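Tertiary structure, described
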Amino acid sequence: MTVYSNLGTPTLLVNGVEEKNFVIGETDVHYIFQNVKLKEGDNIIQVKASRKGQQFEDKITWHYLKDNPKAISKDGPKSNKNEHIGL
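Heads up: these notes are all about the structure in this document. (Residues numbered from 1 in each chain as written. Predicted model: local features only at pLDDT ≥ 70, side-chain atom pairs only at ≥ 80, totals over all residues. Heavy atoms only, no water.)

So, unusual backbone geometry
With a phi angle near 60°, Asn35 is a residue other than glycine that sits in the positive phi range. Within the secondary structure, Asn35 sits in the loop between β5 (30-33) and β6 (41-51). In this structure, Lys52 is a non-glycine residue whose phi angle is positive, near 50°. Along the chain, the position of Lys52 falls in the loop between β6 and β7 (54-65). (Helix = DSSP H or I, 4+ residues; strand = E, 2+ residues; numbered from the N terminus.)

Some words on the environment of Gly16
Tracing the backbone through its elements, the reader meets Gly16 in the loop between β2 (11-14) and β3 (17-19). It is 9.5 Å that separates the C-alpha atoms of Gly16 and Asn43, two residues lying 27 residues apart in sequence.

Here's the deal with the packing of aromatic side chains
The full count for this structure, using the stated rule, is two aromatic pairs. For the ring pair Phe22 and Tyr31, a centre distance of 5.8 Å and an interplane angle of 65° mean the geometry is edge-to-face. Under the relative-accessibility criterion, Phe22 is labelled partly exposed at 30%. Tyr31 sits in the buried class, given a relative accessible area of 4%. Pairing Phe22 with Phe33 gives two aromatic rings, centres 5.3 Å apart and planes at 45°, and the pair type is tilted. A residue pair is termed long-range when its members are at least 10 positions apart, and Phe22 in strand β4 (residues 22-24) and Phe33 in strand β5 qualify at 11 residues. (Phe/Tyr/Trp six-rings, centres within 6.5 Å; stacked < 30°, edge-to-face > 60°. Buried < 20%, exposed > 50% of the residue type's maximum accessible area, 1.4 Å probe, protein only.)

Shown next as structure tokens:
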């Protein structure tokens, strides 16, 4: 799972559980979380990061079907005004 953040290292939660296994991708704002497992049905994907004491968050619900391994977004990431953290 890929996360982009210009706020530093993001925290990724999948269904409330923090995913810690990541590597830096092609740029310094690109984080690749490895071996992320989705459950069948709805999955809440949440990303958090902070800068200068201010917390930023983005969240999406993905619906995963075992027989069709492509996840479908049920809602999109929130719009960000001054900073970017997203999926």
